[in-house]
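Listed below, chain by chain, are the residues.
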Amino acid sequence: MCSGTEPGAEPAATPETAAPVPVIRVLTLFPDMVRAVLATSIPGRAERQGQVRYEVTDIRDFAVDKHGSVDDTAYGGGAGMIMMAPPVVEAVEKVRGRDDATVILTTPQGETFSEELTLELLADLQAKGELVLVCGRYKGIDERARELVVTREVSIGDYVLSGGELPALVVVDAIVRRLPGVLHDEDSAANDSFTADRDGGLDCAWYTKPPVYRGLAVPEVLMSGHHANIEKWRRLQAAERTRQRRPELAPPEPQGGRVPRQDRNRRQQ
């Protein structure tokens, strides 16, 4: 698992469908870090079930000299080192399976990652059979690498990390969990925060056993067994939570008003 196949090779076929398994290729200077995460939890289970394959490539394998050099000082001066273009470009050209593959650079300068972009990249992965992510490091990468091989730039927020590995893993996780069959209950993903089922807003509050904990009781409606009322409560509660926490995402006031306060979280007397 995780890069057990020759870079650039066509995805393997499963006996059940004889269809290619989509492959996500991650190019990084820290392959062990990426492999460890992709082997665990839902991303790892998805690969073990044959629903996706990961190929992790060490950019340092394409270093410009015997010392493994992949970065250098910036022309024009300035603090920080710059990833050189040749290792990045040659790594991408070696591993991608098709010339029109989408090659994503994770960078604070990219478009902000979102649920909408998740579904767009999922469709791209399913259509082309592969997705390539390049993890930047240091001050950044030589602009010529962007011009030659990068087709899209993605940011996970307005802040800076030590490298692009964590953002790349965020992107992979978000996409893989939406592949058909990866989650045991696909409805779980369909009504998450930011989905169409939630009108692009936040999810509602959820409860499980015990029914009362430290004086806080589960709202009565959730214990009623009345599925229509439960769904109405969840819809209204999700809309109210969105208005309170992310008003810019809030849909119009739902018909029927807000969730009664006593039904949101009853304190057992």
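Residues numbered from 1 in each chain as written. Predicted model: local features only at pLDDT ≥ 70, side-chain atom pairs only at ≥ 80, totals over all residues. Heavy atoms only, no water.

Looking at the sheet that holds strand S3 (residues 71-73)
The criterion, for reference: The rule for pairing is simple: two strands pair if DSSP sees at least two bridges between them. Strands here are runs of E lasting at least two residues and helices are runs of H or I lasting at least four, both read from the DSSP assignment and numbered beginning at the N terminus.
Taking strand neighbours across the sheet as the criterion, the 3 strands line up as S3-S4-S7 in an open arrangement whose pairing is mixed. Unpaired on one side and paired on the other, S3 and strand S7 (140-141) mark the two borders of the sheet. In the sheet, strand S4 (residues 81-83) pairs with S7 via 2 bridges, with the strands oriented parallel. From the neighbouring strand, Ile82 faces S7, where its bridge partner is Gly140.

Overview of the nonpolar core
To keep it simple, the criterion reads: The term nonpolar core refers to a set of buried residues drawn from Ala, Val, Leu, Ile, Met, Phe, Trp, Tyr and Cys, joined through side-chain atoms within 4.5 Å. Exposure categories follow from relative accessible area, calculated using a 1.4 Å probe and restricted to protein chains: below 20% of the type maximum is buried, above 50% is exposed, and the middle band is partly exposed.
Of all hydrophobic cores here, the largest spans 27 residues; its most connected members are Ile24, Tyr54, Leu133 and Val176. For this core, the secondary structure elements donating two or more residues are strand S1 (23-28), helix H1 (31-38), strand S2 (53-58), helix H4 (115-128), strand S6 (130-135) and helix H6 (165-176). The dominant element in this core, judged by the number of residues it contributes, is H6, at 7 residues. Among the nonpolar cores identified, the runner-up in size contains 21 residues, and Val70, Val89, Ala101 and Val132 belong to it.

Examining unusual backbone geometry
Negative phi values dominate among residues other than glycine, just as trans dominates among peptide bonds. The amide bond that connects Lys209 to the next residue, Pro210, takes the cis arrangement and shows omega of 5 degrees. Tracing the chain through its elements places Pro210 in the loop between helix H7 (187-190) and strand S9 (212-213). Phi is positive for Tyr138, which is not a glycine, with a value near 60 degrees. Unusually for a residue other than glycine, Arg214 sits at a positive phi of about 50 degrees. Relative to the assigned elements, Arg214 resides in the loop between S9 and strand S10 (216-217).

Observations regarding the sheet that holds strand S5 (residues 103-112)
We apply this condition: Axes here refer to lines fitted to C-alpha atoms; in helices the fit is confined to the stretch in contact. Angles between the N-to-C directions go from 0 to 180 degrees.
Strands sit in the order S2-S1-S6-S5-S8 across an open sheet of 5 strands; the sheet is parallel. The open sheet has two edge strands, S2 and strand S8 (152-155), and neither has a second partner. The sheet shows a mean angle of 35 degrees between the axes of neighbouring strands, direction not considered. Bridge count between S1 and S2: 6 bridges; the pairing is parallel. In the sheet register, Val23 faces S2, and the bridge partner there is Arg53.

Here's the deal with the packing of H1 against H6
Filter applied, for reference: Just so you know how the angles are binned, under 35 degrees is roughly parallel, over 145 roughly antiparallel, 65 to 115 roughly perpendicular, and the rest oblique. Whether a crossing is left-handed or right-handed is set by the direction in which the near helix is turned from the far one by less than a right angle, anticlockwise for left-handed and clockwise for right-handed. It only takes one pair of heavy atoms within 4.5 Å for two residues to be counted as in contact. When residues are sorted by character, Ala, Val, Leu, Ile, Met, Phe, Trp, Tyr, Cys and Pro go into the nonpolar class, Asp, Glu, Lys and Arg into the charged class, and all the rest, Gly among them, into the polar class.
Between H1 and H6, the shortest axis-to-axis distance is 11 Å and the interhelical angle comes to 25 degrees. In terms of orientation, H1 lies roughly parallel with respect to H6. Relative to H6, the crossing made by H1 is right-handed. Contacts between H1 and H6 involve Met33, Val34, Val37 and Leu38 on the former and, on the latter, Glu165, Leu166, Leu169 and Val172. Each residue belonging to the contact of H1 with H6 can be placed in one class, and the counts come to 7 nonpolar, no polar and 1 charged.

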